[in-house]
Every structure is written in structure tokens, then in C-alpha cells.
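Each chain is listed here by its residues.
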Amino acid sequence: MAAASNLRSEDQFLCSICLDVFTDPVTIPCGHNFCKNCITEHWNTSDQYLCPMCKKVFNTRPELHVNTFISEMVVQFRQSAQQKTSSSSSEQQVSKPGEVPCHVCTGTKLKALKSCLVCLASYCETHLEPHLTMSGLKKHQLIEPVENLEDRMCTKHDKPLELFCKTDQTCVCMLCPVLDHKMHDVVPLKEEYEGKKAELGKTEAEIQQMIQKRRLKIQEIKHSVDLSEEDADREIAEGVQVFTALKESVERGQANLIDTIKEKQKTTEKQAEAFIKELEQEISELTKRRTEVEQLKRSEDQLHLLQSVQSLKAAPPTKDWTEVSVRPSYEGNVRRAVAQLEETLNKEMKKLVQAELKRVQQYAVDVTLDPYTAHSALILSDDGKQVNHGDVRKNLPDNPERFSDCVCVLGKQSFSSGRFYFEVQVKGKTKWNFGVARESIKRKGIIHMSPQSGNWTLSLRNGNKYKACDVPPVSLSLKSQPQKVGVFVDYEEGLVSFYDVDAAALIYSFTGCCFTEKLLPYFSPCNNDGGKNSAPLIISPVGVN
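A brief look at the structure comes next. (Residues numbered from 1 in each chain as written. Predicted model: local features only at pLDDT ≥ 70, side-chain atom pairs only at ≥ 80, totals over all residues. Heavy atoms only, no water.)

### Points about the pairing of strand 16 (residues 432-438)
Most of strand 16 sits inside the fold, with 6 of its 7 residues counted as buried. Examined bridge by bridge, strand 16 and strand 17 (residues 455-461) share 6 bridges and lie antiparallel to one another. Pairing of V436 across the sheet is with W456, part of strand 17. In terms of strand pairing, strand 16 meets strand 23 (residues 519-524) through 6 bridges, oriented antiparallel. Bridge pairing in strand 23 links V436 to P521. (Buried < 20%, exposed > 50% of the residue type's maximum accessible area, 1.4 Å probe, protein only. Helix = DSSP H or I, 4+ residues; strand = E, 2+ residues; numbered from the N terminus. Pairing = 2+ DSSP bridges.)

Structure below.
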């Protein structure tokens, strides 16, 4: 009973206008009590003097009398509440920066536990108690503590924003649909809240999915960086190996060249020394003979002169030095040394191309021919792997995808990123064109073979004339005729390379290409040429070379 009495006395302390504890309570003639400011403002904004409680109308504005009894009781009630606040403040948390403070606390502001959308105030545990115990305040809507509660009031009608106008997509009060949002689609705030909350749930799921995709992309990029690092390390290792071999070959060739020339020079010097020694010996003998001739010439003994002349004539003749030479030839030594270096370089290049071909073959894709794009004179195998010219045009639908004039066909598969590789057997053919083309390549009329026309291809004519269909066209001199050609494309790098698979040699590369749409394999077996070119182009399965 005491508790019930206490609750009734607390209810008596509430103003029925502001629903808060009386401030300067006054009594009007009908006996009801209000805050002096509340009843004054109520009558100032009203057309008649009406009691908010019993609805009694007064002809003249009543005189307000202070209710001293309630005033004293309110003072006691506030003192009691203040004591409770003081005793419990030590147990409650003091409001920190970023937290919503209690609007009622004086001095040290405690952390608010709830905000009231009716009172437009936030309360700590102690000051929240009336909202939890008093029947009038229990009807108020409490929410988690928020700041700027005035933003939850209609600025035009000074009423709580309790509705949502779907037409204008804005929150409104109870008066707005009557005055400013007539005929609009207005729903309770809770209904729209539930709908938006469901939408936010979907949005959250979509965002989470986007986050997951980006996390996967991060992993993919990191993995690509790791692979790139491995590729870089491998390239560096191969480069160091090749250049080390070349450097050693150059140094070895240089040393051999110098040794060979020096050895020749030494041999020449020894030969010259032998010739000089022999010549000096002959000079000595001839000088001796000359002395004998001079002495004999001065003799006056006729018999002696005649007898001595015969002995001089009988002396052995000297050697004929006319054709003797000591001029060695050094021509060709440097050329032979460079030729040896070139041979070494070619061997290293072949090793590199073999390793490169092995790597690009790992990007092999399964390519099949698309019959909807094939020229009507082409014959495609049932498995879509072979194509040759049939001389006679078939009666086929002239669909937009089909080539009308150029005897060519596209692959079914298209590529707009990454790398791909396929191989084509050309054995027995005297002319052909193939490579890759962009999806928008011209299908009707004559097609020019060039990157500007949307294709990157090689061509063969007359059985041995190879050409890269670049701008300008590039004639190719190949050591051997390819029997199987590999085509490799790196979309992001803008690279299209052709390889002689059996010889493990690079034929040609289109570099610096800018791809902006899908690429498809492109094949043209060319016409039969009277049966000389009847062999088909065959898309071969790729086996690592």
C-alpha cells in the first residue's frame, strides 16, 4: 500500500502538459494544477481558455494562483531525487567525450542510458527512473541515447517525427499529412524502418560480397606478384647464365685470337731468322769469292789466271731468293673468331627460345572452329579442328557473323584478358593465313590483313614466302619451313607471337598492341590452287615441346 501511495503521490507531481515534474505549480479555477509556464503558453497559443485536463472553457482568462502545497511537495520530491542521484552517481559512469550526457544532471554529467523522444531529453539511470515507474511517463518512447534530439521534432509543427512520407521520402509529424502532405503515401515510421532495415540487410550482404570479391582480388594480385617475382628471378637467372656464357665465349675467343696471331708471329720471326742466317752465310761466301776474283783479276800470270778461272766457274751456284717471302696473312682470323662467337650466341638463343616455348605452351587452350563464321566454300571437320577450301560454295545462310568474300573462319572461343596459346599444323600447304582477330573484324567484303583492320596474322605464299602482316608488311627469312606453328597472345602485354614448334624458334612477334575488345583465333586455308594447296589447316593438341 505504501508503494502504491508513493506512486500516486509521484503522479501528482507531473504536469499534464509537459509530463514532467512541476515547475512553479499553479491552480486554475477548475482545480487542476499545471506548470505556470506550461499553462501560460498553452493559453497564449489557443483561441479559447480551455483546461487541458477537464476541457472546461472559461469566458475570461483565469487568474493563476500558486499552489503552495504542491510547491512544497515538489521541493521535497526533488530533494529526495537529488539524494538518490548523489548516492548512485558514484556507481554510475561519468559521461566521456563522444558519449551522450544526462540532460538533468547538474554539475558532473553522468552517462545517459536512454533518450526520450517525447521529452526530447536524455537520462542517466537515476533520472530515467520516473519514465520506468510513473504511469504517465511509461507511455513515452525511449531509445538508445542519441544527441541532437531536437532534430527528431518537426520544425514546422513542433511535433515528434512519427511518420514517413514515401512520396517525398522524408520523416513527418502527425500534422504533416493533414496540412502539407495531403494525398501522399504516408506510413508509420516503424513500418518504413522495418522496410529500410530489410533493404539495409540486402545492402550489407551486397557490400560484404563486394568486400569479399576485393579481398579475393587482393589475394589474386598478391599471388600474381609472387608469380611475377618467380618469373623475374627465373629471367634474371637465365639472363645471367646466357650472358655469362657469352662473356666466357667472348673472352675465350679473344684469347684464342690473340694466341693464334702471336703464334703465327713467332713462327714468322723464326722463319725470318733462319732466312737471314742463311742469307748472311751466302753473303759471307760470296764476299770471299769476290775477293778471290779481284785478286785473280790483278794477276799478270796468264797461265795462272786461265787455270784459276776454271775453278771459280766450278763453284756451286747461290740459292734463288726471288720467291722467298716472310709476309704471313692474318686475314680472316677475326672473322672466324666472331663466327665462332655467333655460333655460341645462336646456341644460347635456341636454348632461350626452347625455354620460352615451353612456358607459353602452359597457356594452351582448346580451340574449335565456329561454323557460323565460316566462308561458304570452306569445309570444316566434324570435330571443328580442321578446315580446307572446297572449291564450291555451299548454300548457307548469310548470317551477320559469316565471312562473305574472304575464305576464313574464326574460333568459337574468345579471350578478353590473360594469356592463351594454340598450335596449327600447316604441313603440305603452299599458302595460308592465320593468327588472331578482334571480335568486330569486318565480315563482309574484302579484308585487309593488318592490325589496323583488326587482325594479327602470318601468311605463306608460293610455298616458301613468309610474311608478317604488319604495317608495313615484314618479309621473313626462315631457316626451315615450319610444319607446325604456335600462336601465343598476352592480352595485357599487347603481344602476339608465332613460333616454329618443331624447330623451337621464334618466327615473329607483334608488340605494343592495344587490345580493347575480345580476341578470337583466325584461320584462312586460302584456295585450293588447283589442288596444290588442298591440305587442311589442323588445330593440333598441344604437347609441351
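The structure having been displayed, the exposition proceeds.
### Some remarks on the state of the cysteines
The final tally for this structure, using the stated rule, is 0 disulfides. Unpaired in terms of disulfides, C35 finds its nearest cysteine sulfur in C15, a separation of 3.9 Å. Look at C35 and you get buried, because its relative accessible area is 4%. In this structure C176 is a free cysteine whose sulfur lies 3.6 Å from that of C173, the closest cysteine sulfur available. (Disulfide = S-S within 2.5 Å.)

### A word on the sheet that holds strand 8 (residues 142-143)
Pairing is antiparallel in the open sheet, where 3 strands are placed in the order 7-6-8. Each edge of the sheet is formed by a strand with only one pairing partner; in this case those strands are strand 7 (121-123) and strand 8. The sheet contact formed by strand 6 (residues 114-116) and strand 7 spans 3 bridges and is antiparallel. Residue pairing in the sheet places C116 in a bridge with A121 of strand 7. Relative to the sheet, helix 4 (residues 125-133) contacts strand 6, strand 7 and strand 8, its axis offset from that of strand 7 by approximately 110°. (Contact = heavy atoms within 4.5 Å. Axes fitted to C-alpha atoms, helices over the stretch in contact; angles between N-to-C directions.)

### Description of a nonpolar patch on the surface
A surface patch of nonpolar side chains, about 250 Å² in accessible area, is lined by L175, V178 and L179. With respect to the element layout, L175 can be found in the loop between strand 10 (170-172) and helix 6 (176-179). (Patch = residues over 30% accessible without salt bridge, like charges linked within 9 Å, V, L, I, M, F, W, Y side chains within 5 Å. Areas by Shrake-Rupley, 256 points an atom, 1.4 Å probe, with all protein chains shown as cover. Salt bridge = Lys/Arg side-chain N within 4 Å of Asp/Glu carboxyl O.)

### A word on the sheet that holds strand 18 (residues 465-468)
Ordered by their spatial adjacency, 6 strands build an open sheet running 14-23-16-17-18-19, and the pairing between neighbours is antiparallel. Unpaired on one side and paired on the other, strand 14 (409-410) and strand 19 (474-476) mark the two borders of the sheet.

### Here we look at the packing of helix 7 (residues 189-298) against helix 9 (residues 333-360)
In contact at an axis separation of 9 Å, helix 7 and helix 9 are set at 165° when each is read in the N-to-C sense. As far as their axial angle goes, helix 9 and helix 7 are roughly antiparallel. For the crossing formed where helix 7 meets helix 9, the hand is right-handed. Contacts between helix 7 and helix 9 involve R234, E235, E238, V242, A245, L246, S249, V250, G253, L257, T260 and K264 from the former and N333, V334, A337, L341, T344, L345, E348, L352, A355 and R359 from the latter. A class-by-class count of the residues in the contact of helix 7 with helix 9 yields 11 nonpolar, 5 polar and 6 charged. (Parallel < 35°, antiparallel > 145°, perpendicular 65-115°, else oblique. Left-handed = near helix turned anticlockwise from the far one by under 90°. Nonpolar A, V, L, I, M, F, W, Y, C, P; charged D, E, K, R; others polar.)

### A few points about empty space enclosed by the protein
Counted by the stated rule, this structure contains 1 cavity of 30 Å³ or more. Approximately 40 Å³ is the volume found for the largest cavity. If you trace the largest cavity, you find it lined by W432, L458, S459, Y466, K467, L476, P482, V485 and I507. Of all the secondary-structure elements, those providing two or more residues to the lining of the largest cavity are strand 17 and strand 18. A class-by-class count of the residues in the lining of the largest cavity yields 7 nonpolar, 1 polar and 1 charged. (1 Å grid on protein atoms, 1.4 Å probe; cavity = no way out; pocket = protein on both sides within 12 Å on 5 of 7 lines; lining within 4 Å. Points joined across faces, edges and corners; volume = space filled by probe spheres on them.)

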